Each structure stands twice: as structure tokens, then as C-alpha cells.
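Structural overview
Letter by letter, the chains look like this.
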Protein chains: 2
Amino acid sequence: MIQRISAIEEMKAVAAGLRRDGKSIGLVPTMGYFHEGHTSLMLRSAADNDDTIVTLFVNPTQFSPCEDLEKYPRNLERDTKLADEAGASFLFTPDNASMYPAGYKTYVTVEGWSSRLCGISRPIHFRGVTTVCAKLFNICAPDRAYFGMKDAQQLLIIKKMVRDLNMNLEIVAMPTVRESDGLAMSSRNVYLNPEQRKAATLISAGLTEAKKLVEAGETRAEKALEAARAKLAESPLIKIDYLEAVSEDTLEPTQDVGPGTLIAVAAYLGATRLIDNLSF
Amino acid sequence: MIQRISAIEEMKAVAAGLRRDGKSIGLVPTMGYFHEGHTSLMLRSAADNDDTIVTLFVNPTQFSPCEDLEKYPRNLERDTKLADEAGASFLFTPDNASMYPAGYKTYVTVEGWSSRLCGISRPIHFRGVTTVCAKLFNICAPDRAYFGMKDAQQLLIIKKMVRDLNMNLEIVAMPTVRESDGLAMSSRNVYLNPEQRKAATLISAGLTEAKKLVEAGETRAEKALEAARAKLAESPLIKIDYLEAVSEDTLEPTQDVGPGTLIAVAAYLGATRLIDNLSF
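No experiment lies behind these values; they were computed from the predicted model shown.

1. Thoughts on the sheet that holds strand β1 (residues 3–5) of chain B
All names here are of chain B. In space, the six strands of this open sheet follow the order β1-β4-β3-β2-β6-β7, with parallel pairing throughout. Each edge of the open sheet is held by one strand with a lone partner, namely β1 and β7 (170–174). Ignoring which end each strand starts from, the neighbouring axes of this sheet average 25° apart. The strands that helix α2 (residues 36–48) touches are β2 (25–30), β3 (51–56), β6 (144–148) and β7; relative to β6, the one it contacts most, it runs at about 155°.

2. Some thoughts on the interface of chain B and chain A
Between chain B and chain A, the residue contacts involve 25 residues of the former and 25 residues of the latter. Across the interface of chain B and chain A, roughly 2300 Å² is buried in total on both sides, 43% from carbon and sulfur atoms. Our enumeration of links across chain B and chain A arrives at two salt bridges. Here Arg127 of chain B ties to Glu111 of chain A by a salt bridge, and the two come within 2.6 Å at their closest N and O atoms. If you look at where chain B meets chain A, you find 26 residue pairs in polar contact (both at pLDDT 80 or more). Elements with a contribution of two residues or more to the side of chain B that touches chain A: α1 (8–20), β5 (106–110), α6 (125–140) and α7 (152–164) of chain B.

3. A look at the domain arrangement of chain A
Residue and element names in this part refer to chain A. Its domain assignment divides chain A into domain 1 (3–174) and domain 2 (187–279). Between the C-alpha centres of domain 1 and domain 2 there is a distance of 26 Å. Each partner contributes to the interface: domain 1 provides 21 residues, whereas domain 2 provides 20 residues. Regarding the contact of domain 1 and domain 2, the summed buried area is about 1900 Å², with carbon and sulfur atoms giving 56% of it. Counting the surface domain 1 buries against domain 2, the share from its top three residues, Trp113, Arg116 and Leu117, is 31%. The tally of links between domain 1 and domain 2 comes to two salt bridges. A salt bridge links Glu244 to Arg116, with the shortest nitrogen-to-oxygen separation between them at 3.0 Å. Across the contact surface, domain 1 and domain 2 share 11 residue pairs in polar contact (both at pLDDT 80 or more). Of all elements in the fold, only α5 (118–121) and α7 (152–164) reach the threshold of two or more residues within the side of domain 1 that touches domain 2. Top contributing element to the side of domain 1 that touches domain 2 by residue count: α7, with three residues.

Rules of the game
- Residues numbered from 1 in each chain as written.
- Chains lettered and ligands numbered in written order.
- Predicted model: local features only at pLDDT ≥ 70, side-chain atom pairs only at ≥ 80, totals over all residues.
- Heavy atoms only, no water.
- Pairing = 2+ DSSP bridges.
- Helix = DSSP H or I, 4+ residues; strand = E, 2+ residues; numbered from the N terminus.
- Axes fitted to C-alpha atoms, helices over the stretch in contact; angles between N-to-C directions.
- Contact = heavy atoms within 4.5 Å.
- Buried area = accessible area lost by both parts, 1.4 Å probe.
- Salt bridge = Lys/Arg side-chain N within 4 Å of Asp/Glu carboxyl O.
- Polar contact = N/O pair within 3.5 Å; in protein donor to acceptor, adjacent residues only side chain to side chain.
- Domains from an automatic or database assignment.

Encoded structure:
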């Protein structure tokens, strides 16, 4: 049965004990409200490691004041059950006051990369993500940490932080899990009304159009983006935040698409902002 | 006999091996050109831990373009001998290209604290210090790391980073080692000409004046600072960068002096900038 831990010092002691006993530790950092994307990470971690720690923390430093921190969906009992069924040994649920006590001042930033793509509309977001991951990596001492490819920029930034700061773990990327109509699973999908939910399928459909073109031999990024943009334009409910082709090595815009490039999109349906991407 | 290691991956493997064998590791991060301040840290680390790693890296990210990175004094053979005699097991000497490879982007910052005191004249300095320490802590996996109290702001900022990011080590502070006339030992003292060297004693003498006042019952910071300032004014060769009384908890200026406060000074003698401090 999964063990729930909320005190940082207890989690540290448990992780240190596991390491002393020669156990490998897998970490799945989450903000909760689990869907199959999350559980796919847990299942993989449980297969790869002796013990899996799932962390559930709706991290305030990655939300701007105008964002959905307070109303971010939560369901601890259901999440505990799902993590248990997916093979996790521990669910770590620290609170804000212990993660960011009064006078907290230290931040980790991947400069430049954090202000591109999602970082334009969410300027402090990635600083919050890298900081909380650095903290969770220190607390849980994992051998491997698992992240979904839906959050492509987050994944690239975390990999970069780990490499730059010589951190002692491997970052494992797992494929985006989708609903049957193609919509990427996201805890934020619950915000959508039925009309928005229907229109939201155009996001993945747009990426599929781009993919078809590239697979047919198109190498010009602008042509692939045009095809995606045309698809997204089929619903007036969708407002594009960005739609870009970038290099996975630098996050800089590219003229050509192919291996090593990423087409990334963020779009609003009402107040709900969804992201998706396609890599080659 | 001390073992010199320059490759990051080799150092990581050695440290991981020591931990696997249950050995405790002490770390002494330095920029080399050792004096008794450095060796006092090594001796203490060697007494406290099974193995001591001394790192020698003149860290470019803590120097501004106009500072003394290129001419910073170096003497690897002498340093190796001194570290060996002080009981260190390893001397880790990475190069710039492996510590900061092309495209390096990740920095750790203790916000606010890094722009006070020394941070005013050296705006990127502490960002460089915290970043390189985070890297060295990950590479060397120490149980304890040793820092001198001469660099008081550095010590407080590193302790804050370790606490905020939940790092798994203890920071051990060691007293400033002084020349017989009171001057705090520093690798930069070699830059002083004989006249400057003589005048430099006024820095510690000024702090001693402040200390006498406080020990006699003075609690007003301004009075203690006045006494120090008067002493420093005895030589026209000394130009004060800052002389301040600050809280050790917040680095903010204080009106009162006593336990928990620090009087810190930085002063130029020609182009050489020296620091010293006094805590109660």
C-alpha cells in the first residue's frame, strides 16, 4: 500500500534510507489530478526502479498572480488510489509553507530558454518549474525522474538544468497520452465546456496536418505551420497564443523542419490555455 | 598521497564510490593560491570526514569583465603539496570548458541578498558563486562543505541556498585566519605594494575599534561604524567601498549592533579590493 508523506525531513530520511539500502528511486513530479498521462509515467517508473516516489504539489512559484493556482483541480483521495494502483511506493505532498517558508529567496533559472514560447505569456513559469524540481530532486534523491512530452519546453529546460548543474539523475521522457479523439490529456481539460472540448481537438488535428506534410517531404517550417494554422482556424473558439517550429537544442525558431525540431502550439479556449507539440 | 582529478565524470564516479562505501566526504571549494585560511578549512575537514575533496577552480562566472580573472594568482604545484599536507584525499581541478560548455544557461540566485554589500560593486559575483557551488556540490556529493568567515556574505548566501533548495549537506563556517598584524589572509594580498600592505592593517584595526566600543556597551550601529571609519581614514591609500552593519538573518542594514549582526567592510587599496568583517 502506498505511503503518504507530507514532511520534507521525513521524505528526505526515507529517500536517504532507500539509497543506503542500495534501492533505485524513480521520481514522478506532478501537480495532481491524475490522468493517464501521469499514470503512464508512474507505471514506467515502477517498472524501471525499486521504489517510485510520486510528488503532488501545486507549485505556487510557477503560477502568475492572474493564473489558475487557486482553482487548479484537486482530488487527493482519488490521486492516492491511482498512484497506488500504478505501483508507486510513496506519495509526497508537501505544503506551501514548508516548501517556501517566509524569507524564501533562491531560484534556479535556465536563462533565455525560460522566456521563449510559453515563457512569453508566462514569464515566471519556468523559473518556478526549475526551482521546484531542483528542490524535489534534492529531497527525493532519485536515480531517474519522469516527465511527459506534452510539456515539451518544460522537458527540454529540465534536461538542460540537470546537465548544466551536473545533477545526479537521468531525465526520462514519456510520450504524450491522448484522448481517443486526439486531444492531449491535461488536468486543465476539465475546465472546457462541451463546445470548447469539441473545438480543442483541432489542436492535435492541426499538428497532424503538419506531420502529414513533413512526412510527404515538406521541409519548410512555414509550410508546416500554415497547414496547422489553417486547421486551428476552423473554430472561432480557438485563439492561438503561439505556433512555432523550434530547434530542440536551442529552442530558437527554425526555417526547416525535420529531426531535431519541434512544432509547439499553445492556444486558448475561453480562459483555458492548452498546449501540445510534435517532434520528428 | 593526494590524487589530482580534472574530469567531472571521474570526480563524480569517485565521490559516488566513496558514498557507496559509506565514507563521509568533506568539501573545500577554493580558487587556489592557498594560505592558512584555506589550509585551516582542509585540516578541519580532514578531521571531520573520512575523505576530503579540495576543489581548485578560478570560477569565471563570479568575475565581471573588468575584474582580475586573468591575473588571479595561481600555483598548482604548491597548492597540491599544501592540500596533501593538510590531509586532503583529492584535488579537483576542472577546466572552464567542462564546467561551462558552449550553450551553458543555468544559474542559481539568492535573490535580493546577492545585490547587497559586495553585490553592489560586483553585480554578477554571487550568482556565479552560488551556481558554481551548486555544481560542485552535485559533482562531489559532500556531507559537509567548509567556508571561511572572511567571506561573510558568501557564507550567508550559500547557507541560504542550501536551506532554500533542500540540499543534502551541512555548511561549516570557520574563523578568519589573520596575519600577525591583523590583516585577514587573502590570495589578493599579494597584489599589495609595501605601502598598501602597511595601510591595509587599518581595515582590521577599524573593526577592532568598533568591537571595543560594542564590548564596552555601545549598541548604536552608527557609533560603531564611526569608530571604524575614523580608523580607516588614517591612511589616504584606503578608499572605502562599503562599511555597514547588517542583520545576519536578512542582510538588511540595522540600527543596533549585537548578537546576530555583522559589521562588514570592503575597501580598495589601489586596484586591490579587500574585505573583512566582524560578527558578535
